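Chain residues, written in single-letter form:
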Amino acid sequence: MLQRIDTIESKDFLISYDVVYNCLSRNFYIPLGASSSLPKDSNNKVIAVEPSELVGIAKRWQDGEVVDVIVETPDTKTLRIKLPATEGFIPGQYYNVRIPVEGRPRPIQRAYSVGSSPHPEAGIIDIGIKEMEGGLVSPILVRKISPGDHLQIRGPVGKFIWDETFGGPVVLVAAGSGVVPLMSMIRYAVSKNLQIPMRLLFSSTDASHVIYGSELDDLEQKNPWLKIIHTFTRDPFDSRAQFHRRIDLAMVREVTQGLENPLAYICGPPEMVENVEQYLMEIGLEDSQIFSEKYD
Ligand SMILES: Cc1cc2nc3c(=O)[nH]c(=O)nc-3n(C[C@H](O)[C@H](O)[C@H](O)COP(=O)(O)OP(=O)(O)OC[C@H]3O[C@@H](n4cnc5c(N)ncnc54)[C@H](O)[C@@H]3O)c2cc1C
């Protein structure tokens, strides 16, 4: 039986609980935010929680309810999913989604980053899905899912993370749907009014394919610490983009100018991620300053 549970310390972005369970003292580490859903006594102390409620949510398949579907671009949609339980998540993490696919004996699983901020609400998450032509899972998620549908979902997962404990300034580099986890970082920084300088270099084919385009414009106007730099690879004339080519060394050098010891977060297709890692090192960043997520 569970005998006692105390909040013993708050470290970085985690709250640690010391649990005496079957006479053994064990530490459980819970992402900040998750504690709000745990039962509390009148002194606001967490009480009588089975350890299974503290750990393991991220390891179980859950039945998430799709509460909204948002069209982002001609080939990308956001699915807003209500989770039955959550341990919270850190901006940059992803969930696994599995769905039945015709002709396949078992459900097929794919990873999708969270685009929403865990603050103030981590129990409803947005995942952003770009339809891959000929793909098994993404066309079903983009075309066939409606509000009220349920999806098998498991997470959060991943070490591609950022929050205020990491500091800044921060350079975010994305291509296509690689912007999804970076958007979670931006929305989180806005939601907590962190004012940590952030620059997003975002590569899209053209203006119609810019995911979260109008929200990014709006956030940039309202937040002087945020700068959005677009590059369009298939529209050489649109003046909404500062660049009109694939991301290269000169572009990365220009975008990072004036930033002292930045942290860099890169997300997108593997080739793009590897190239940008190399450019960043060529302009003097250390390996420890660079974080990457490859969508392979
Ligand atoms: C950590 C992580 C996070 C991710 N987050 C996101 C996200 O936020 N948003 C997002 O959109 N994606 C994300 N992805 C990518 C996502 O997980 C899927 O890989 C993507 O949606 C494609 O899945 P699919 O089943 O539709 O395509 P798949 O069936 O995996 O096919 C992928 C491509 O390969 C081609 N292909 C398949 N089989 C063959 C074959 N035999 N020969 C030749 N070509 C073939 C298909 O035509 C298709 O173009 C993420 C990936 C990772 C690893």
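Here is a short report on the structure shown in this document. Not measured: the values here are computed from a predicted model.

Focus: the site of the ligand
Logical step 1: In the vicinity of the ligand lie 20 residues, with Ser113, Gly134, Gly135, Val137 and Ser138 positioned nearest.
Logical step 2: Going through the elements one at a time, β7 (108-113) and β8 (124-130) are the ones with two or more residues in the shell around the ligand.
Logical step 3: The dominant element in the shell around the ligand, judged by the number of residues it contributes, is β7, at 4 residues.
Logical step 4: Class assignment of the residues belonging to the shell around the ligand gives a composition of 9 nonpolar, 6 polar and 5 charged.
Logical step 5: Composition of the shell around the ligand by domain shows at least three residues from each of domain 2 (59-157) and domain 3 (170-294).

Let's talk about unusual backbone geometry
Logical step 1: With an omega of 5°, the peptide bond running from His119 to Pro120 counts as cis.
Logical step 2: Relative to the assigned elements, Pro120 resides in the loop between β7 and β8.
Logical step 3: With an omega of 0°, the peptide bond running from Gly168 to Pro169 counts as cis.
Logical step 4: Checked against the element boundaries, Pro169 lands in the loop between β9 (150-157) and β10 (170-175).
Logical step 5: One non-glycine residue with positive phi stands out, namely Asn193, at about 50°.
Logical step 6: Tracing the sequence through the fold places Asn193 in the loop between α3 (179-191) and β11 (198-204).
Logical step 7: The phi torsion at Asn261 lies on the positive side, around 50°, for a residue other than glycine.

Notes on the environment of His230
Logical step 1: Secondary-structure assignment places His230 in strand β12 (residues 226-232).
Logical step 2: Leave out the neighbours within four places in its chain, and His230 touches Phe202, Ser204, Val210, Arg240, Ala241 and Gln242.

Considering the sheet that holds strand β13 (residues 263-268)
Logical step 1: Taken in spatial order, the 5 strands make up an open sheet running β12-β11-β10-β13-β14, and their pairing is parallel. At either end of the open sheet lies a strand with only one pairing partner, and these are β12 and β14 (290-294). Here the average twist between neighbouring strands, direction ignored, is 10°.
Logical step 2: Relative to β12, β11 runs parallel, the two sharing 7 bridges. Each bridged residue has a counterpart across the sheet, and for Met198 the counterpart in β12 is Leu226.

Points about the sheet that holds strand β6 (residues 94-99)
Logical step 1: What the 6 strands build is an open sheet, ordered β7-β6-β9-β4-β5-β8; its pairing is antiparallel. Both outer strands of the open sheet, β7 and β8, are each paired with one neighbouring strand and no more. Geometrically, the sheet is characterised by an average inter-axis angle of 40° between neighbouring strands, direction not taken into account.
Logical step 2: The sheet contact formed by β6 and β9 spans 4 bridges and is antiparallel. Across the sheet, the residue bridging to Tyr94 is Val157, located in β9.

What about the nonpolar core?
Logical step 1: Counting residues in hydrophobic clusters, the biggest one holds 57 residues, and the most contacted among them are Leu172, Val173, Ala174, Leu182, Leu200, Tyr265 and Val276.
Logical step 2: Sorting elements by how many residues they give to this core places α3 first, with 8 residues.
Logical step 3: Counting only domains with at least three residues in this core, you end up with domain 2 (59-157) and domain 3 (170-294).
Logical step 4: Contacts of Val276, omitting those with residues within four sequence positions, involve Val173, Ile247, Val252 and Ile266.

Definitions and limits used
Residues numbered from 1 in each chain as written. Predicted model: local features only at pLDDT ≥ 70, side-chain atom pairs only at ≥ 80, totals over all residues. Near = placed C-beta within 6 Å. Helix = DSSP H or I, 4+ residues; strand = E, 2+ residues; numbered from the N terminus. Nonpolar A, V, L, I, M, F, W, Y, C, P; charged D, E, K, R; others polar. Domains from an automatic or database assignment. Contact = placed C-beta atoms within 7 Å. Pairing = 2+ DSSP bridges. Axes fitted to C-alpha atoms, helices over the stretch in contact; angles between N-to-C directions. Core = buried A, V, L, I, M, F, W, Y, C linked by C-beta atoms within 7 Å. Buried ≥ 20, exposed ≤ 12 C-beta atoms within 10 Å, placed from the backbone.

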